[in-house]
Amino acid sequence: NLLSAPGSKAGGTVNTNYGAVDAPPCDCGDVDCTVGLDTTALEDDAPKQLTRDEKDLLNKIPVGAEATTVLVGTADFLKAPVMAFVRLTEGRSLGNLTEVPIPVRFLFVLLGPEDESNNYHEIGRAIATLMADPVFHEAAYRAESRQDLLTSIEEFLEDSLVLPRGKYDKDLLL
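Conventions adopted
- Residues numbered from 1 in each chain as written.
- Predicted model: local features only at pLDDT ≥ 70, side-chain atom pairs only at ≥ 80, totals over all residues.
- Heavy atoms only, no water.
- Helix = DSSP H or I, 4+ residues; strand = E, 2+ residues; numbered from the N terminus.
- Buried < 20%, exposed > 50% of the residue type's maximum accessible area, 1.4 Å probe, protein only.
- Areas by Shrake-Rupley, 256 points an atom, 1.4 Å probe, with all protein chains shown as cover.
- Patch = residues over 30% accessible without salt bridge, like charges linked within 9 Å, V, L, I, M, F, W, Y side chains within 5 Å.
- Salt bridge = Lys/Arg side-chain N within 4 Å of Asp/Glu carboxyl O.
- Contact = heavy atoms within 4.5 Å.
- Phe/Tyr/Trp six-rings, centres within 6.5 Å; stacked < 30°, edge-to-face > 60°.
- pLDDT = per-residue confidence, 0-100.
- Polar contact = N/O pair within 3.5 Å; in protein donor to acceptor, adjacent residues only side chain to side chain.
- Pairing = 2+ DSSP bridges.

1. Regarding the overall build of the protein
For the protein, the count of helices and strands is 6 helices and 4 strands. Reading the helices (α) and strands (β) of the protein from amino to carboxyl end gives β-α-α-β-β-β-α-α-α-α. Scored against the burial criterion, the 174 residues of the protein give a buried share of 26%. Approximately 12,100 Å² of the protein is accessible, and the part contributed by carbon and sulfur atoms is 54%.

2. Quick word on a nonpolar patch on the surface
Judged by side-chain polarity, Leu161, Leu163 and Tyr168 come together as a nonpolar surface patch covering roughly 330 Å² of accessible area. Structurally, Leu163 can be placed in the loop between α5 (146-158) and α6 (170-173).

3. Some words on the environment of Gly124
Structurally, Gly124 is set in helix α3 (residues 120-132). Classification of Gly124 by relative accessible area gives buried; the value is 7%. Setting aside chain neighbours within four positions, we find Gly124 in contact with Val70 and Val72.

4. Observations concerning the packing of aromatic side chains
If you walk through the whole model with that rule in mind, you get 2 aromatic pairs. Plain terms: the ring middles of Phe106 and Tyr141 are 5.0 Å apart, the flat faces sit at 85 degrees to each other, and that makes the pair edge-to-face. Of this pair, Phe106 sits in strand β4 (residues 104-112) while Tyr141 is found in helix α4 (residues 134-142), placing the two residues 35 residues apart along the sequence. Among the aromatic side chains, those forming a connected cluster through ring pairs are Phe85, Phe106 and Tyr141.

5. Notes on the environment of Phe156
Note that Phe156 resides in helix α5. Along the backbone, Phe156 and Asp133 are 23 residues apart, and their C-alpha atoms lie at a distance of 8.4 Å. Setting aside its immediate chain neighbours within four residues, Phe156 contacts Thr129, Leu130 and Asp133.

6. Some thoughts on the confidence of the model for the protein
For the protein, per-residue confidence averages 76 on the pLDDT scale, and residues scoring 70 or more make up 71% of the total. Within the model, the stretch residues 1-26 combines pLDDT values under 50 with 99 contacts to residues more than four positions away or in other chains. Within the model, the stretch residues 35-45 combines pLDDT values under 50 with 20 contacts to residues more than four positions away or in other chains.

7. Here we look at the side chain of Thr98
Residue position: Thr98 is located in the loop between β3 (82-92) and β4. Among the polar contacts listed, one links the side chain of Thr98 to the backbone oxygen of Val100, at a separation of 2.9 Å.

8. Some words on the pairing of β4
Counted residue by residue, β4 has 7 buried out of 9 residues, so it is predominantly covered. Bridge count between strand β2 (residues 66-74) and β4: 8 bridges; the pairing is parallel. Pairing of Thr69 across the sheet is with Leu107, part of β4. As paired strands, β3 and β4 are joined by 7 bridges and run antiparallel to one another. Bridge pairing links Ala84 to Val109 in β4.

Written as structure tokens, this is what we have:
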């Protein structure tokens, strides 16, 4: 997960526990509507008590920050990979996805069949790297289409320097 806010530098990792929703809300359009929701799980859970480390982390996160969650994995029943990049209209608390209570704005999900030749974890790392880049991060907020995102990825790659595997003196890299 990456922290981000419009106009701010992204970075860091986070994961909250608010309970689960068993049914979708009604289609009245009110984002706070609970008709059709099983809210007992939400009511039974007291707000999570933060540890000292979580409080320290939360104090370092800018006000208005939102998280990006990157989820990758395998599923035996899939014949081919499936992927989704989702930008929510507004940040939402999404259960156990963040370790401190901040809203999630972006979700990237990649599931595929278990295959030794596919390393979904590396794709997840690449998406996390994209979202940590301030220019791409802003473009993701502004994107109006899939093509806008693809163009932003191309621009990121054009400005990236990729080093082949090997041992490097870290002092010489910067």
